[in-house]
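Listed below, chain by chain, are the residues.
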Amino acid sequence: MDIIQNGINGELVTSNSATQVPVFNPATGEVSAQLPISTAAEVDAAVAAAKAALPAWANLPPLKRAAFMFKFKQLLDDNAQEIARAISKEHGKTHPDALGELQRGIEIVDYACGIPGLLKGEFSRNVGPSIDTHSDRQPLGVVAGITPFNFPAMVPMWMFPIAVMCGNTFVLKPSERDPSAPMLIWELFQQAGFPAGVFNIVHGDKSAVDRLLDHSDVKAISFVGSTPIAEYIYSRGTAAGKRVQALGGAKNHMIIMPDADMDQVADALMGAGYGSAGERCMAISVAVPIGEETADRLVATLKPRVEALKIGPATDDDAEMGPVITKMHQEKVLGYIDQGVKEGAELVVDGRGFNLQGYENGYYVGGTLFDKVTTDMVIYKEEIFGPVLQVARATDYETAIDMINKHEYGNGTAIFTRDGDAARNFADRIEVGMVGINVPIPVPVAYHSFGGWKRSSFGDHGIYGEEGIHFYTRLKTVTTRWPKGIKSGAAFAFPT
Ligand code: NAD
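What you see is a predicted model, and the numbers here were worked out from it, not measured in a lab.

## With respect to helix 4 (residues 95–113)
So, point 1. With 19 residues, helix 4 should reach 27 Å at 1.5 Å per residue; the first-to-last C-alpha distance of 27 Å fits that figure.
So, point 2. Within helix 4, the full set of buried residues consists of Asp97, Ala98, Glu101, Leu102, Gly105, Ile106, Ile108, Val109, Tyr111, Ala112 and Cys113.
So, point 3. Considering only its buried residues, helix 4 is in contact with helix 2 (62–78), helix 3 (80–91), helix 5 (115–118), helix 6 (154–165), helix 7 (180–191) and helix 16 (465–471).

## Looking at the environment of Ile404
So, point 1. Among the structural elements, Ile404 can be located in helix 14 (residues 397–406).
So, point 2. Those residues in contact with Ile404, other than ones at most four positions away along the chain, are His253, Ile255, Thr413, Phe426, Ile430, Val432 and Lys454.

## Some remarks on the side chain of Ser88
So, point 1. Mapped onto the secondary structure, Ser88 falls in helix 3.
So, point 2. With residues near it in sequence (within four places) discarded, Ser88 still touches Lys93, Thr94, His95, Ala98 and Ala314.

## Here's the deal with the site of the ligand
So, point 1. For the ligand, the set of nearby residues contains 26 residues, the closest of which are Lys173, Glu176, Ser226, Gly248 and Glu383.
So, point 2. Ser226 places a side-chain nitrogen or oxygen 2.6 Å from an oxygen atom of the ligand.
So, point 3. In this structure, Gly248 approaches the ligand through a main-chain N or O atom, which is 2.8 Å from a nitrogen atom.
So, point 4. For the ligand, whose accessible area on its own is 840 Å², the fraction buried by protein is 87%.
So, point 5. Here the residues of the shell around the ligand are counted per class, giving 14 nonpolar, 8 polar and 4 charged.
So, point 6. Domain assignment of the residues forming the shell around the ligand places at least three in each of domain 1 (2–248 + 456–478) and domain 2 (252–437).

## Digging into the domain arrangement of the protein chain
So, point 1. Taken domain by domain, the protein chain consists of domain 1 (2–248 + 456–478) and domain 2 (252–437).
So, point 2. If you average the C-alpha positions of domain 1 and of domain 2, the two centres end up 31 Å apart.
So, point 3. Taken together, the contact pairs 20 residues of domain 1 with 23 residues of domain 2.
So, point 4. Between the two partners, domain 1 and domain 2, sit 1 salt bridge.
So, point 5. A salt bridge links Asp97 to Arg280, with the nearest nitrogen and oxygen atoms 2.9 Å apart.
So, point 6. Elements supplying a minimum of two residues to the side of domain 1 that touches domain 2: helix 3 and helix 4.
So, point 7. Ranked by residue count, the leading element in the side of domain 1 that touches domain 2 is helix 3, at 3 residues.

## A short note on unusual backbone geometry
So, point 1. Here the phi dihedral of Ser130 falls at roughly 60°; this positive angle occurs in a residue that is not glycine.
So, point 2. Checked against the element boundaries, Ser130 lands in the loop between strand 6 (122–128) and strand 7 (131–139).
So, point 3. According to the relative accessible area criterion, Ser130 is partly exposed, its value standing at 35%.
So, point 4. Despite not being glycine, Ala277 has its phi angle at roughly 55°, a positive value.
So, point 5. For Ala277, the location among the structural elements is in the loop between helix 10 (262–274) and strand 14 (284–289).
So, point 6. On the accessibility criterion, Ala277 (1% relative accessible area) is buried.

## What to know about the nonpolar core
So, point 1. Among the nonpolar cores identified, the biggest contains 69 residues, and Phe72, Trp158, Phe170 and Phe450 are the most heavily contacted of them.
So, point 2. Per-domain counts for this core show at least three residues from each of domain 1 (2–248 + 456–478) and domain 2 (252–437).
So, point 3. Apart from residues no more than four positions distant in its own chain, Trp158 is found in contact with Ile108, Val224, Leu247, Phe450, Ile463 and Tyr464.
So, point 4. Listed in part, the 32 residues of the second largest apolar core include Val324, Tyr363, Val373 and Ile379.

Cut-offs and rules
Residue numbers run consecutively from 1 along every chain, following the written order of its sequence. Per-residue local features are limited, in this predicted model, to residues with pLDDT of at least 70; the limit for side-chain atom pairs, both in listing and counting, is 80 or more; totals at the level of whole chains, interfaces and linings are taken over all residues. Excluding hydrogens and water, the side-chain values take into account all heavy atoms of the structure. A run of H or I in DSSP counts as a helix once it spans at least four residues, and a run of E counts as a strand once it spans at least two, with each numbered from the N terminus. Under the convention used throughout, the expected extent of a helix is 1.5 Å for every residue step, that is, one less than its residue count. Classification of residues uses two cut-offs on accessible area relative to the type maximum, computed with a 1.4 Å probe and protein chains only: under 20% is buried, over 50% is exposed, and between them is partly exposed. Whether two residues are in contact is decided by their heavy atoms, any of which lying within 4.5 Å being enough. Whether a residue is near a molecule or strand depends on its heavy atoms: if one lies within 4 Å, it is near. Any pair of N or O atoms that falls within 3.5 Å is considered a polar contact. Within protein, one atom must be able to donate a hydrogen and the other to accept it, and sequence-neighbouring residues count only if both atoms are side-chain atoms. Working definition of accessibility: Shrake-Rupley area with a 1.4 Å probe, residue cover restricted to the visible protein chains. Lys, Arg, Asp and Glu make up the charged group, whereas Ala, Val, Leu, Ile, Met, Phe, Trp, Tyr, Cys and Pro make up the nonpolar group; the residues left over, Gly among them, are polar. The domain limits used here are those given by an automatic or database domain assignment. We define a salt bridge as a side-chain nitrogen of Lys or Arg found within 4 Å of a carboxyl oxygen belonging to Asp or Glu. Residues belong to a common nonpolar core when they are buried Ala, Val, Leu, Ile, Met, Phe, Trp, Tyr or Cys residues joined through side-chain atoms within 4.5 Å.

And the structure:
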C-alpha cells in the first residue's frame, strides 16, 4: 500500500499525522494508497520552506528561472505515459483523456518558459524635465494553490508554472482523491534542478486549506473546485488580506440551431457530455435545440449513440469513459437521475443499474440522456458532474439566450450553427466567460486565459496566460529624476 508523502523543501517527507484517508481506484473500488491529513505544523513547514526560498528565487534573473523550466518541460514530455497512468488509476479517466489533460498542462509550462519577455516593464522618457518613469511587475511572495480531483495534473499546472516564473514560491494542496500525479510532477520539478522550497506540496483537507487561508506569510490563493467552496475560499482569503482567484462549478449549455450539421453536433455532444464521465467543468451538460423538429432529430441521433457508449476501466483501450470518482459521488449522480424522473423529465437512456462484469465494485454510472428538461427542475439548476446529458428544448433562439443568461453559472457555452450572424450575436450577448462557435469545449490555449463569469468564478483575474501573470505580480511604477543643474526650489503645488 502506497503512503502518500508531502514534498517540502525539495524532500519527500512522511507525515506524522494521526489521520490518514484512503485513496481509491474508482475502476475497481479498491484502496490504492493512504493519504495523510497533514497537521498545521506540516502546512507551516511547507510555507516556511517557500518563504526561505523566496529572496534568492525572486532575485534570480528570469532567464535563469526559465532554464529550469525548459528542463522541467522536457522531463514532463519524457514521463508523460507514467503520469497519465497515475492520473487514470486514481481518477478513472481513460489513458488518452489523461494524456490530453497532461498535454494541456505542459502547454502552460511551455508558455511559462517565455515569461521573461512578458515581465518586461514599460518605460517613458521625459515625462517631465529630466524625469523618466518605468513600471515593473514584481512577485507577490509565497502563494498557494488548492486544486480539485477532476484534473489532478492540468489544474495545478494552470498555477505553479506561472507563479514561480513570475518569481514567487508556491505551496500546493492538491485534491485528496488523486494525489499521485501531482507528486510525480513535483518529483520531476525537483529533478529539473529548481532550488529547494520553490514548489512544495502538502496533502490534507479543509484543515490544511484553512491554515493556508489564514497564514500571514501566504500572499495569494488560487483555488479551483466547486462553487460553495470557491465562495468560502474567496471570502475567507480576502478577509485575511490576500489576493484570491477562486474558480467554481458550472452548467454549460450548447445551443443547436436548426441549420447545424447534426452528425457534427452528435459527435460534439458525445465527447463533451460523456468524456471523462462528465466530470469536467467545461463539460456540456445541457443541449438546447431550437424548435421541436431540431429537438426530435437531436434526440433520435443521440439515443443509439448514448446506448452504445463503451464504459470501462482505463486499462481497457476501447473504453470511451470510465467510472466517476467515488462511491459517494456515484450515489449522488444516481440520486440526480431519480430526481429527474420524479420531476417529470423524459428519461431517454437510463444509466442506472449499469454493471461491468469483473468490476462490480467500481463506481460506474451508465451514460444517461434526459429530454424535455425544464428550467424549474433541480437537475437543470444544479451541477451534476456525471455522465448525464440533458436536452432542454427552446422554442426559439431568444428563449435559449435568455435561459443561459439566467443560469447562475457562466463558465462555458457553445453554439452549433452555419449562420455567421447568429454566431456573432451569440458571442456578443451571452453572459458566459468562455464561448465556443462550433467548438464544444472552448478551453482557451495557454497564451489566452481561462475564466468563467457569474458564480463560476470569484475574483478579478482569469487563470494562466497574461491574466495569470497579472494575478501573480504587482505593479510598481518608478519615477526618476537626475536634476543636473536644475534648481527649482520647493514646490507646494501638486507636481505637473
Ligand atoms: P471540491 O470543491 O470538493 O474540492 C476542491 C478542493 O477544495 C480540494 O482540494 C478539497 O480538498 C478542498 N476542499 C473541499 N472541501 C473544503 C472545505 N470545506 N474547505 C476548504 N477546502 C475544501 O471540488 P472537487 O469535487 O474536487 O472538484 C469538482 C468541482 O470542481 C466541480 O464543481 C467542478 O465544476 C469544479 N471545477 C471547476 C473548474 C473551473 O475551472 N471553473 C475546473 C475544474 C473543476
